Amino acid sequence: MAGTAKSYNTSMVELGPGDVWLNVATPGAGARVTIHTDGTPESVANPSAKHLGMTTEGARLIYSPQVQNFTSDEQTAPIISQIGDEELRIEGTSLQILDTALMTYLIAGSTFGSGSGYEQNTVGGKQTLATFSVLYVAPIFADTTKFLVVSIYKAYNAAGWNTPVSRKAMSGVPFNFFGLSISSRAAGDQLGNVWKTVAA
């Protein structure tokens, strides 16, 4: 009998950087966000896409299932497990804090406005939460013509707005783009998707 082959494959290893995009078009059932050959959201399909810009250390891509275990009196270990809650998030810190239009996405309850000589974000009193789709795209390290993509269909910035300003460090705004379920989509496709492009 033979042993089982190991799978040491550097073409399956990923190194950044990547880009975060906000307010891209939400794909339909079984589909993906349309991206251009350069890895950016295709402009006709995603006319409202907004680039997050520079970050301190890229992004952290997180899917976390919260598992519920059920036991019987006769067994010492769970006999049934199921997903009770699940989270899909993209986290990091944005550096471009002076982009007031971008801050509209990062300050969940804000409203953007501008006039002669100013731009602003006003806050306070809203009960509705503005949501948008989020897309992370990074060239695959072993073949930069292909891309790793994480898409959250509906999200908001759960990190709030907490910006240190100092002479000794660049200011930044944390982001935690937290996915909300779209219950009208099929089970298993209500939060988002993770995919990569491959040779056709």
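See the structure shown above.
Analysis parameters
Residues numbered from 1 in each chain as written. Predicted model: local features only at pLDDT ≥ 70, side-chain atom pairs only at ≥ 80, totals over all residues. Heavy atoms only, no water. Phe/Tyr/Trp six-rings, centres within 6.5 Å; stacked < 30°, edge-to-face > 60°. Helix = DSSP H or I, 4+ residues; strand = E, 2+ residues; numbered from the N terminus. Buried < 20%, exposed > 50% of the residue type's maximum accessible area, 1.4 Å probe, protein only. Lys NZ or Arg CZ within 6 Å of the ring centre and 35° of its normal. Core = buried A, V, L, I, M, F, W, Y, C linked by side-chain atoms within 4.5 Å. Contact = heavy atoms within 4.5 Å.

A. Representation of the packing of aromatic side chains in the model. Evaluation of the coordinates by the stated rule reveals four aromatic pairs. With a centroid separation of 5.0 Å and an interplanar angle of 85°, the aromatic rings of Tyr105 and Phe132 are classed as edge-to-face. One end of the pair, Tyr105, is in helix H1 (residues 100-106); the other, Phe132, is in strand S7 (residues 132-140), with 27 residues separating them in the sequence. Relative accessible area serves as the criterion here: at 6%, Phe132 is assigned to the buried category. Geometrically, the ring pair formed by Phe175 and Phe177 is stacked, given 5.1 Å between the ring centres and 20° between the ring planes. Here Phe175 falls in the buried class, since its relative accessible area comes to 2%. In this structure an aromatic cluster arises from ring pairing among Tyr105, Phe132, Phe175 and Phe177. The ring of Trp195 is capped by Arg32, whose NZ or CZ atom sits 5.9 Å from the centre of that ring. When the ring centre of Tyr153 is taken as reference, the NZ or CZ atom of Arg185 above it lies at 3.9 Å.

B. Expanded view of the nonpolar core. In this structure, Val20, Leu22, Leu52, Ile90, Leu106, Val134 and Phe177 are the most contacted members of the largest nonpolar core, which totals 21 residues. Listing elements by their share of this core, those giving two or more residues are strand S1 (19-22), strand S4 (80-94), H1, S7, strand S8 (143-157) and strand S9 (173-179). Residues in contact with Leu106, not counting those within four places in the same chain, are Leu52, Ser94, Asn157, Gly160, Val173, Phe175 and Phe177. Membership of the second largest hydrophobic core comes to nine residues, among which are Val24, Leu135, Phe147 and Val149.

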